[in-house]
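Structural characterization, general
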Amino acid sequence: MSNQENKTEQSKIYKEAPVTEPERQYYFIEQARKEAEKQSRELGRPLSFCCVTFGCQMNARDSEKLTGILEQAGYVEAENEEEADFVIYNTCTVRENANTRVYGRLGQLGRMKKQHPHKMIALCGCMMQEPEVVEKLKKSYRFVDLIFGTHNIFKFAELLYRRFETGQMVVDIWKDTDKIVEDLPVERKYPFKSGVNIMFGCNNFCSYCIVPYVRGRERSRNPRDIIREIKNLVADGVVEVMLLGQNVNSYGKNLEEPMSFAELLRQVEQIEGLKRIRFMTSHPKDLSDELIEVMAESKKICRHLHLPVQSGSSRILKQMNRRYTKEQYLELVEKIRRAMPDISLTTDIIVGFPGETEEDFEETLDVVRKVRYDSAFTFLYSPRTGTPAAAMENQVPEAVAKERFDRLLKEVQEIASQVCAVHEGTTQEVLVESVSEHDPSLLTGRMSNNLLVHFPGEKSLIGTLVPVYLKEAKGFYYMGMPADGA
Ligand code: 5AD
Ligand code: SF4
């Protein structure tokens, strides 16, 4: 084909593309597939991809969508980044070290690309929503082929096609969106469990957090779409869903017909064949009595609540714009425990927020000792450009923050190993997830409270719920054996 003919062909493709979604993306998947087939014929093998996920469960779910699109376009999964013809990094920017890791790995990818110039490199996710990042990539990482953000991830197929067609770096970042595109292909990592987005974005603007800037304003999915998706997942073998949102407790507030998160849970509970429901993340300020009631009555909602406290000092909480005090948080925990004494509580804690004094930090330790979390994710405060906290004057010296961090971690771990041990000698229902990574004669499963159990059993049990006797607590997991009758 001459260059001119090629151009005419390409403009025909754009002219013919449907304007509605998701039809438009299915059309571009098909176009990208034709191009990938052509390249694969030249190479004499199928094209391969590697999708690397940084960050949270939302990103993990997004990566399943990216994988679904690539597989429909004819790509097969590669063993690693080195072998892959197409590498995509789904990035996170919640803390600075997430960004540093991406640049480091990107440097390595650039060197690989020098040896294999046909290799394609794509970047997407939260980090791409930061203008400085994109500028830096455009300037110093010219070998990157495709850059897009969180709001237009649904357009991946179209952008991939555009990269094929132009042969040049494609950059497409949206500032925000009110759009939610349903029914795109998804390739699940696990056949028996799945994340399900119920909302996108966040309106809370905690003063340290970059998420509202990179994920945009809160948008809830229509409950009918959520229920339909879960029913389809169950028909496809899923027994456990994790409902995902930055702040699930404010689900449904902005819907045309507003609806509470508790009401959504009631509807999800009705889905026949679904065995377990999890959700994350809950903001303490929005956790309603109705939700506690629904959880307490439910047969399917797991006995686990992730309830980020961030700090135990009411003064720091105010600076963080969390909109609760230490006392309100502790009261909430008490209320939850009264309704569900066996609930497992986990949390996120930030150490070294600007202005944090030793007394403030002691308050955090006090909350940890009072609540006795099953586990806690602890983070060193990381200033994010553009957030109010990054501009605060009284930043805590790194050495001080690090010393507090170590003390906190020790406390959290000691308590967690005591708390986790309380189930020793009981029988618990476990969803079998895999063969144990450390010992192929063992299976690894997850209890309702999210703890892992390793026990002897047949591989065929993967994806099923089985009763397991918890023989020995090992700190953060259990060694078990199949209970009688299993
Ligand atoms: N520095 C450190 N930790 C942070 N988190 C969010 N932003 C920052 C930051 N700037 C933590 C919070 C949140 C978790 C996902 O990441 O604890 O709950
Ligand atoms: Fe960030 Fe706060 Fe929103 Fe969580 S609730 S994503 S910490 S702004």
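Overview of the structure.

Definitions and limits used
Throughout, a residue's number is its position along its own chain's written sequence, starting from 1. To label them, take the chains in the order written and letter them from A, then take the ligands in the order written and number them from 1. Local features in this predicted model are restricted to residues of pLDDT 70 or higher, and side-chain atom pairs are both shown and tallied only at a pLDDT of 80 or more, whereas totals for entire chains, interfaces and linings draw on every residue. To obtain the side-chain values, all non-hydrogen atoms of the structure were included, while hydrogens and water were left out. Each residue is tested against the molecule or strand, and it is near if at least one of its non-hydrogen atoms lies within 4 Å. Note on residue classes: Ala, Val, Leu, Ile, Met, Phe, Trp, Tyr, Cys and Pro are nonpolar, Asp, Glu, Lys and Arg are charged, and everything else, Gly too, is polar. Each helix is a run of H or I in the DSSP string that is no shorter than four residues. Each strand is a run of E no shorter than two, and both are numbered from the N terminus. Only protein chains enter the accessibility calculation, which uses a 1.4 Å probe; a residue is then buried when its area is under 20% of its type maximum, exposed when over 50%, and partly exposed in between. Every angle, taken between N-to-C directions, lies between 0 and 180 degrees, and every axis is a line fitted to C-alpha atoms, over only the stretch in contact when it is a helix. We call two directions roughly parallel when the angle between them is under 35 degrees, roughly antiparallel when it is over 145, roughly perpendicular when it lies between 65 and 115, and oblique otherwise. Helix crossings fall into two classes, left-handed where the near helix is turned counterclockwise from the far one by less than a right angle and right-handed where it is turned clockwise. Between two residues, a contact is recorded if the distance between any of their heavy atoms is within 4.5 Å. Polar contact criterion, stated in full: a pair of N or O atoms within 3.5 Å, where within protein one must be able to donate a hydrogen and the other to accept it, and residues adjacent in sequence count only if both atoms are side-chain atoms. All accessible-area figures derive from a Shrake-Rupley calculation using a 1.4 Å probe, and residue coverage is judged against the displayed protein chains alone. A pair of strands is treated as paired once DSSP finds two or more bridges between them. Pairing of aromatic side chains here covers Phe, Tyr and the six-membered ring of Trp, requires ring centres within 6.5 Å, and sorts the geometry by plane angle: under 30 degrees stacked, over 60 edge-to-face, intermediate tilted. For a lysine, the NZ atom is tested; for an arginine, the CZ atom; a charge sits over a ring if that atom is within 6 Å of the ring centre and within 35 degrees of the ring normal.

Cys202, Asn204, Phe205, Cys206, Tyr208, Cys209, Val211, Pro212, Gln246, His283 and Arg322 make up every residue found near ligand 2. Here the residues of the shell around ligand 2 sort into seven nonpolar, three polar and one charged.

The subject of this paragraph is the environment of Glu64. Structurally, Glu64 is set in helix H3 (residues 57–72). Given the relative accessible area of 13%, Glu64 is considered buried. When the C-alpha positions of Glu64 and Lys189 are compared, they lie 6.9 Å apart, and in sequence the two are 125 residues distant.

This part takes up the packing of helix H4 (residues 96–115) against helix H5 (residues 131–140). Axis separation between H4 and H5 bottoms out at 13 Å; the angle between their running directions is 15°. Considering the angle they form, H4 stands roughly parallel to H5. Remark: the crossing between H4 and H5 carries right-handed chirality. Between H4 and H5, the contacting residues are Asn99, Tyr103 and Leu106 on the first element and Val133, Lys136 and Leu137 on the second. In the contact of H4 with H5, the residues fall into four nonpolar, one polar and one charged.

Here Glu21 and Pro22 are connected by a cis peptide whose omega angle stands at 5°. As for its position among the elements, Pro22 is in the loop between helix H1 (3–16) and helix H2 (23–43). With an omega of 5°, the peptide bond running from Met280 to Thr281 counts as cis. For Thr281, the location among the structural elements is in the loop between strand S11 (276–280) and helix H10 (289–297).

This next bit is on the site of ligand 1. Close to ligand 1 lie Val94, Arg95, Tyr208, Gln310, Asp348, Ile350, Phe379, Leu380, Tyr381, Ser382 and Arg384. Within the side chain of Gln310, one N or O atom sits 2.6 Å away from an oxygen atom of ligand 1. One of the side-chain N or O atoms of Asp348 is found 2.6 Å from an oxygen atom in ligand 1. When ligand 1 sits alone it has 400 Å² of accessible area, and the protein chains cover 86% of it. Its residues assigned to classes, the shell around ligand 1 comprises six nonpolar, two polar and three charged.

Let us look at the pairing of strand S15 (residues 427–435). Two strands pair when backbone bridges link them, and S15 and strand S18 (residues 465–473) are joined in this way by five bridges, in the antiparallel orientation. Each residue of the ladder has a partner; that of Gln428, found in S18, is Val468. Two strands pair when backbone bridges link them, and S15 and strand S16 (residues 442–447) are joined in this way by five bridges, in the antiparallel orientation. Residue pairing in the sheet places Val430 in a bridge with Met447 of S16. Between the end of S15 and the start of S16, which pair antiparallel, lie six residues.

An order of S7-S10-S11 is seen for the three strands of this open sheet, with the pairing classed as parallel. Two strands bound the open sheet, and with one partner strand each, they are strand S7 (193–197) and S11. Within the sheet, the average angular offset between the axes of one strand and its neighbour, ignoring direction, is 25°. Where S7 meets strand S10 (residues 240–244), five bridges bridge the pair, whose relative direction is parallel. What sits directly across from Gly195, in S10, is Met242. Set on the sheet, helix H9 (residues 261–269) makes contact with S10 and S11; between it and S11 the angle comes to about 155°.

Right, let's get into the packing of aromatic side chains. In this description, a pair of aromatic rings is defined by centroid distance and the angle of the planes. Within the structure shown, the criterion is met by 17 aromatic pairs. Site record: aromatic cluster; members linked through ring pairs are Tyr14, Tyr27, Phe28 and Tyr161. Stacked on the ring of Tyr103, the Lys or Arg Lys136 has its end atom at 3.9 Å from the ring centre. The ring of Tyr190 carries the charged tip of Lys193 above its face, separated from the ring centre by 4.8 Å.

Such coordinate-based values are descriptive only and should not be taken to indicate function.
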